[in-house]
Amino acid sequence: MTPPSDLDPASCYGAVKSRDRRFDGMFWTAVRTTGIYCRPSCPARTPAPGNVTFHRSAASAQAAGYRACKRCLPDAVPGSPQWDVAADVAGRAMRLISDGVVDREGVEGLAARLGYTPRHLTRLLTAELGAGPLALARARRAQTARVLVETTDLGLADVAFAAGFSSVRQFNDTVRAVYAATPSQLRGAGRRAGGAGGAGGAGDTGDVGGAGGVEGGDPSGSRGAEDPVALAVVGLRLAVRTPFAGQALLAFLAYHLVPGVEVSGPGWYARTLDLPHGHGTLRLDLDPALDAAPAGETVLVPVTLALSDLRDTTAALERARRLVDADCDPLPVAEHLAEDPVLGPLVRATPGLRVPGQVDGPETAIRTVIGQQVSVTGARTVTGRVVAEHGRVVRTSTPGLTHLFPSSAALAAADPETLPMPRARGRALVALAGALASGHLALDRGTARAEVWKAMVALPGIGPWTADYVAMRALGDPDVFLPTDLGVRNALRRLGHDPVATIEAAERWRPWRSYALMYLWDTLMPPAASAPPADARAAAVTTGAASRAASPAASPAASPAASPAASPAASPAASEAASRARSAAATTPTTTPTSTATSTATSTATSTATSTATTTEEP
């Protein structure tokens, strides 16, 4: 197997020689003399130039016969940001492979989603990434398995199915081939002594065998017939590049919580997940210390998954990665935007700002349509009613997480006249849900963005603003800008810039306009503490169906008008208070914003209304 020819050996070797962490996840180094492959920043002695080759993917190095370095763990790195920047066939395929599509549907299913034959797709991926879809999926399974073996107490048979392997034998063979160690050896003598060995038992070879093999392994993750809905809890960590503005990400997610589906608290965010084999929950722990990590490093964000079926581990983990924009490389973004007269001060004040992703593309599109021309408070209320009426009730251990977001099929069957929103928007919502349920519109990152955009704007009640917002949040497009967005205009005015002139010159922010958009919205974002408490949101869900007789417009009229994304423009006073607090933080980095400023922003954001209309789609 030959590596892709578009990697410049001299540049790659320079990165390896300097141990530059910025290139981790962008290419891998294979060393002929040792038979291992490493990340560029591996602390081991730098090999001679003639002894190395460079690969676009870990799978390419594995296919060439190399095994993973035990010192630098080359698979424990964020993904390549180029997958989202280019959004070509290879990038879209990698997103689907990471979601477990090959494990569930095979190469044929992956190829069908991308619109190619399996043979042609294999040729394309081999030319671009040095490995075909089967090898890429195998590398992803091996990575997930290693993390589960080393960081959890799951039995090794459970690890095999959770990582996406179809059999325990396949799991054993792959781990030995990739890591030159058996699963039990990876877990370590200390963990085995502590009783964290495989449920199926470990033989003399260290493989999973005996009664815990294929026949004894239980891929469903059930933990007893007396409680068939019990969730298996898996604690993992997401690798993200620094700087990482985790608190700003948490504030955005907390401000957009949907009752019953999402909850948050100081330093954490949780939500329900509708997964291919069952349901579950996801919890992110965003410690403020993550924001202070030095630039150019990699930090680990703890994520806790509770799953009804362990086979959904890979899919749930990929959804968590999307949510935190884990594959973003913030340094090129900062280098491009830091010298801009408008964005420069914002980039320096909040380095490493991320574009919050999503766990489900159809959910993002439906929530965006619900939030057209209403405030975020109103959108949360209306969406909570829709969830209570059409979402599936689930049992979880997290207070406030009571429902799955309604499926596209459920909403496609709904009567638009009964939805808690204007009739025209209700019809638009049902039409969108119908297109998603029928497969006419796919938001799984497999379809080209231009085709998705055209399909969306062809639907009634959906225009460019909604299609662009969905492209940014659901498809991971890093270069989206919303020139008609009210939040953008309000942010520019409060920063002292002419909105018309600045928006006309926004082309200079390419190819990172989505991040530019987030920096503008971030200046108007209320603190995370202003989000409703979890118990109040839970009560809103349980009473949602009964309150549907109330006027749908009542909540929007009582709160600031803004789109789902332009929500930071909720209140001029709140925006100014938050902006003053951010300015104080930027000018005096060692001093946190005063409690008075935070209290003022929180109080005003929840009580002040504005009559300004939002520029979004007209149904």
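Rules used throughout
Residues numbered from 1 in each chain as written. Predicted model: local features only at pLDDT ≥ 70, side-chain atom pairs only at ≥ 80, totals over all residues. Heavy atoms only, no water. Pairing = 2+ DSSP bridges. Helix = DSSP H or I, 4+ residues; strand = E, 2+ residues; numbered from the N terminus. Contact = heavy atoms within 4.5 Å. Axes fitted to C-alpha atoms, helices over the stretch in contact; angles between N-to-C directions.

Q: Can you walk me through the sheet that holds strand 3 (residues 52-55) in this structure?
A: Within a sheet, each strand pairs with its neighbour through backbone hydrogen bonds, oriented either parallel or antiparallel. Here we have four strands laid out as an open sheet, ordered 3-1-2-4, and mixed in their pairing. Of all the strands in the sheet, the pair left with one neighbour each is strand 3 and strand 4 (67-68). Across four bridges, the pairing between strand 1 (residues 28-31) and strand 3 is antiparallel. Residue pairing across strands places Ala30 opposite Thr53, the latter belonging to strand 3. Helix 1 (residues 9-17) contacts strand 1 and strand 3 of the sheet and is inclined by roughly 100° relative to strand 3.

Q: Could you clarify how one ought to interpret the sheet that holds strand 8 (residues 279-285) in this entry?
A: The strand order across the open sheet formed by five strands is 5-9-8-7-6, and the pairing between neighbours is antiparallel. A strand with exactly one partner marks an edge of an open sheet, and here the two such strands are strand 5 (232-241) and strand 6 (262-265). For this sheet the average axis-to-axis angle between neighbouring strands, irrespective of direction, equals 20°. When strand 6 meets strand 7 (residues 268-274), the two strands line up antiparallel, connected through four bridges. Counterpart to Val263 in the pairing with strand 7 is Ala270.

Q: I would appreciate a short explanation of unusual backbone geometry in the present structure.
A: Excluding glycine, residues mostly carry a negative phi; peptide bonds, for their part, are mostly trans. The amide bond that connects Thr242 to the next residue, Pro243, takes the cis arrangement and shows omega of 5°. With respect to the helices and strands, Pro243 occurs in the loop between strand 5 and helix 12 (246-255). The amide bond that connects Arg510 to the next residue, Pro511, takes the cis arrangement and shows omega of 5°. Unlike most non-glycine residues, Leu73 shows phi in positive territory, near 45°. Within the secondary structure, Leu73 sits in the loop between strand 4 and helix 3 (82-86). One non-glycine residue with positive phi stands out, namely Arg445, at about 70°. On the secondary structure map, Arg445 appears in the loop between helix 19 (423-438) and helix 20 (449-457).

Don't take any of this as a statement about function, it's just geometry.
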